[in-house]
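Spelled out from the first residue to the last, the chains are:
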Amino acid sequence: MTNTPEKSKPLVLVVDDYQDAREMYAEYLEFSGFRVAEAKNGQEALDKAFELVPDVILMDLSLPVMDGWEATRRLKGDARTKAIPVVALTGHALKGHTDDANEAGCDAYVTKPCLPDALVDQVKKMIARRDAASAR
Amino acid sequence: MASPAPLPPAEADPGARLVLAEHLLACESAVACARAVVEWLARRHGAPAACVGPGDGPGASVCLASEGLTGAQQAALARAWDAPGSPLATFRTRPGARWLAPDALEGAAMPGGFFAVPLGRPGATAAALLMVGLPGPAVPEDVAWVASSAGPHLARQLASDARAPRRPEPDRLLRRVINAVSDPVLLTDTDGTLLFANGRAEALLVAGPDASPGRTRAVELNQRLFRETLAQGGTSVHRREVPLVDPLEGMDLLFELVTTPVLAPDGPSVVVSVLRNLTDLGRATQALGESYRQLRATEREARSERHRLDRVLDSVADPIILTDPAGGMVMMNDPAERLFAWPQSGGTSGEGAADEATLRRVRANDALFASFLANLLGPVNAGVSRWKSQLTLDDPSTGSPVPMEAMANKVLGDGGELTGIVTVFHDRTEVLERARLLERVKEVSSELEARVQSATAELAEQNEKLRRQAIQLEQASAAKSQFLANMSHEFRTPLNAILGYTNMLLQGVSGEMTPPQRRNLTRIDSNGRHLLEVINEILDITRIEAGRMPLHLSDFGIPELLQEVMAEMDPIIARSKLTVETRLDEALPGVWSDRQKVKQIVLNLLSNALKFTHEGGVHIAAEYQNATGTVAISVKDTGIGIDVSNQEKIFEDFQQVDSSPTRAYGGTGLGLSICRRLAAMLGGRVSLQSAPGQGSTFTLHFPRRARRT
């Protein structure tokens, strides 16, 4: 992975208001060969997404300013960001969150605690699926 | 239409025959009769004629009458009547007329011969012989007619002459007079032997020889009755009744018999009897008697009717009084008597004072009744037909007041006049009592109603409280669920970082670590995972309670599932130093159920077994029970075992066998509770067989094919 040029590395936008989690995933993603951008809330996530157009967005759902569901709904409603896979990340384990997330347009759903390596697997799966879809 | 048949040609001389017949009927003796016949024949034929018959005394015969014959001829004929061998004697017994030659009879010859004709009843010995001097054997018609019509008459006369040959004969005119009397008149001797009877009497008391047997018997009976009655009277003038029978009709007749002895101037004394028919009188008397009897019966009936009415009236519990138009009491029934009648005098001694009081009360009652009746009496109240009022009478015997309702009705006669007044009393004690009770019931019921209302209000208040409590409870429950969910989230966020960093360090993201560092980090990881498990268990209970644990049914195999379980538990098994064996039924079919939940239950049971077993091993077995269509996965350990008293408790939330602060085994106490709830969601259950020190066997039973709920 270190051999890959910096620009060609896939960009992952990590959205989480909990700094430790954000930084932990960012560190492991970079360790795993991804470029990482970070956002602390939904609004920031939207700004970063429109600006950077990442390959995958990891979206925590409980966020200040604008929650993950609303942010996802807006991303999926915008032509520029519509195609970006969104993986919902939540510490909420109750049913209903999943449904809401799906309704908002999330492409995958992951419950915290989620170990970094499991999350990276999920991100890789998303990129592969997106590539397969665009190739078709 | 046929006209009447013409009459036969008139007789040659019907007038002459009629004269003879009338004459014969008027004859009173055989001699007269014979004379009439002989004279008639002699005149008709211009020939001699004679009639010979029996005379007085035996063996004496006489010539009853003769015409144109000498005395010698007459005597000869008389002799020939009963001379043995004489032709006349033989003619008596032979029917039919005979002609005799002129010289056939010695001393009595007639020129040209003569006919001898037997006279009497047909078929009987001749009573007399008629001799007519005529030539030739042809019997002239006149002779034959005379023989047939005069014969029976003469025979009767001869017979009657023979019975009473020398009785004084009443004068013919007298006879006719007597015959004309409409009552039977008889002349008898003192013994009752009949000397003479007029026509009416004959009809009752005399029967000719040719009478019917019925008439003969009736006449005999009448004669006997008559003689008996006569014999009672003696010879003086007497009057008595004699019952006789009508010989023609057979009806009973009643006669009054008046007898008068008469001394005949020339003979023995005779008795004149006059009978007067009393039958109609008797019938009238009888009818009168019958009417009287009926009257008596009617009276009796009326009396019994009256008695019955009395009894009926007496049987009525309400007093009834019948009053006359002036207000006087005519009749009252027993209940009325008790109130209004003076008590019978002569009561037992010692009750004088009581009697005095009783009388006073009766008097008071009577006065009340009289003033009540005054409303209907007198011309002022002529238009009033009924009067109703309420009187309070006194019970004469006890003095207690009797509230009464009195209803008086006028009884009017056919002409609309007042004939009486009927008053019916009705005891109102019961009615008043009932009204009082009703009032009381109403009071009580209104009290009750008030109580019910207050109780209802209280109940409503309590209901409202309960409702509020229920809402609060619901809110509390929701709050609890929300709290647990939030807590879970708040636990997960740092735990996510802890486990994440530990994982990264163990992967060597921050460079290689020394073995002691790695060992310690592994323990951090292990404890973090345990913490996560606890959080998950709490969350599971919350999810199940909140109904947020859906079933995800799929096809899967038990062996693969058990392999997964063993793999996940491998680190713990390795550390426990216990032998864990798995035995699977060869014929274990695939199942249709919630794989995740089955796995969670088995994991839980296995981790429990490992936790409470220190030596020995754990056996996991799975089998299919065909009969019930269920799969059984059992986890058997050689651990500490559970006392029967605790076997149910351990399935409850947050319950452990030892919940004390000094307990030897940790845990939330939610594992088995979750297992049981999950098993129930699968349509199954978890069973336990255990004894302290003997180890435990937990078995999950669940249907091979779950039904979607």
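In this report, we go over the structure that sits alongside the text. Just so you know, these numbers come straight off a predicted model, no measurement behind them. (Residues numbered from 1 in each chain as written. Chains lettered and ligands numbered in written order. Predicted model: local features only at pLDDT ≥ 70, side-chain atom pairs only at ≥ 80, totals over all residues. Heavy atoms only, no water.)

Quick look at the overall build of chain A now. Secondary structure summary: chain A contains five helices and five strands in total. Reading chain A from its N terminus to its C terminus gives the helix and strand order β-α-β-α-β-α-β-α-β-α. The buried share of chain A, reckoned over its 136 residues, is 51%. Across chain A, contacts joining residues at least 24 apart in sequence account for 62% of those joining residues at least 6 apart. Accessible area for chain A stands at about 6300 Å²; split by element, carbon and sulfur atoms hold 48% of it. (Helix = DSSP H or I, 4+ residues; strand = E, 2+ residues; numbered from the N terminus. Buried < 20%, exposed > 50% of the residue type's maximum accessible area, 1.4 Å probe, protein only. Contact = heavy atoms within 4.5 Å. Areas by Shrake-Rupley, 256 points an atom, 1.4 Å probe, with all protein chains shown as cover.)

Another point: unusual backbone geometry. All names here are of chain A. In this chain, lysine 112 is followed by proline 113 through a cis amide linkage whose omega measures 0°. If you check the backbone angles, valine 53 has positive phi at about 50° while not being a glycine. If you trace the backbone, valine 53 turns up in the loop between helix H2 (42–52) and strand S3 (56–60). Accessibility expressed as a relative area gives 41% for valine 53, which makes it partly exposed.

So, on to the nonpolar core. Residues and elements named next belong to chain B. Ranked by internal contacts, the top residues of the largest apolar core, which has 44 residues, are Ile558, Val598, Ile633, Phe698 and Phe702. Residue contributions to this core peak at eight residues, all from helix H15 (residues 595–611). Filtering out sequence-adjacent residues up to four positions away, phenylalanine 702 remains in contact with Ile558, Val591, Ser593, Val598, Thr630, Val631, Ile633, Leu682 and Gly684. (Core = buried A, V, L, I, M, F, W, Y, C linked by side-chain atoms within 4.5 Å.)

Okay, a negative patch on the surface next. All names here are of chain A. Together, Asp20, Glu23, Glu27 and Glu30 make up a region of like negative charge exposed at the surface. By secondary structure assignment, the location of glutamate 30 is in helix H1 (residues 19–31). For glutamate 30, a relative accessible area of 48% corresponds to the partly exposed category. (Patch = residues over 30% accessible without salt bridge, like charges linked within 9 Å, V, L, I, M, F, W, Y side chains within 5 Å. Salt bridge = Lys/Arg side-chain N within 4 Å of Asp/Glu carboxyl O. Lys, Arg positive; Asp, Glu negative; His and termini not counted. Charge placed at Lys NZ, Arg CZ, Asp CG, Glu CD.)

So, about the interface of chain B and chain A. Taken together, the contact between chain B and chain A spans 24 residues of the former and 22 residues of the latter. Put simply, chain B and chain A have seven residue pairs in polar contact (both at pLDDT 80 or more) between them. Among the elements that line the side of chain B that touches chain A, the one with the most residues is helix H12 (residues 429–507) of chain B, at 16 residues. Residues belonging to the side of chain B that touches chain A are distributed by class as follows: 11 nonpolar, nine polar and four charged. (Polar contact = N/O pair within 3.5 Å; in protein donor to acceptor, adjacent residues only side chain to side chain. Nonpolar A, V, L, I, M, F, W, Y, C, P; charged D, E, K, R; others polar.)

By themselves, these are just geometric observations and shouldn't be taken as functional.
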